[in-house]
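Summary of the model geometry
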Amino acid sequence: MPNPKRRHSKARRDRRRTHDALEAMSASTCPNCQTPKLPHRVCPSCGFYRGKLAVRVAATA
């Protein structure tokens, strides 16, 4: 197997790693209950999606 002949610099290593950082997922607010939720998904707290009840959510006591 081929091995590197010369050592790569720290700058070259860091330039390669610039795209490795994780980004925080964007959150939108539910228009029904105003809790944060992921966009284009059913609200986990009330079960509404696009103004209609999509999933029945069990009541938490």
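Let me begin by describing the structure that accompanies this report. (Residues numbered from 1 in each chain as written. Predicted model: local features only at pLDDT ≥ 70, side-chain atom pairs only at ≥ 80, totals over all residues. Heavy atoms only, no water.)

So, about a positive patch on the surface. Together, Arg-12, Arg-15, Arg-16 and Arg-17 make up a positively charged patch on the protein surface. Residue placement: Arg-12 occurs in helix 1 (residues 10–16). By relative accessible area, which is 47% here, Arg-12 ends up partly exposed. (Patch = residues over 30% accessible without salt bridge, like charges linked within 9 Å, V, L, I, M, F, W, Y side chains within 5 Å. Areas by Shrake-Rupley, 256 points an atom, 1.4 Å probe, with all protein chains shown as cover. Salt bridge = Lys/Arg side-chain N within 4 Å of Asp/Glu carboxyl O. Lys, Arg positive; Asp, Glu negative; His and termini not counted. Charge placed at Lys NZ, Arg CZ, Asp CG, Glu CD. Helix = DSSP H or I, 4+ residues; strand = E, 2+ residues; numbered from the N terminus. Buried < 20%, exposed > 50% of the residue type's maximum accessible area, 1.4 Å probe, protein only.)

Turning our attention to a nonpolar patch on the surface. Together, Val-42, Tyr-49, Val-55 and Val-57 make up a nonpolar patch on the protein surface, roughly 280 Å² of accessible area in all. Summarising the element assignment, Val-42 is placed in the loop between strand 2 (36–37) and strand 3 (48–49).

Relative to the assigned elements, Lys-37 resides in strand 2. The buried charged residue Lys-37 lacks any salt bridge partner; its closest oppositely charged side chain belongs to Glu-23, at an N-O distance of 18 Å. Polar side-chain contacts of Lys-37 include one of 3.3 Å to the backbone oxygen of Arg-41. (Polar contact = N/O pair within 3.5 Å; in protein donor to acceptor, adjacent residues only side chain to side chain.)

Positive phi outside glycine occurs at Gln-34, with the angle close to 60°. Within the element layout of this structure, Gln-34 appears in the loop between strand 1 (28–29) and strand 2. Residues other than glycine seldom take positive phi values, yet Arg-50 does so here, at roughly 55°. Here Arg-50 lies in the loop between strand 3 and strand 4 (52–53). Taking the relative accessible area as the measure of exposure, Arg-50 reaches 73% and is therefore exposed.

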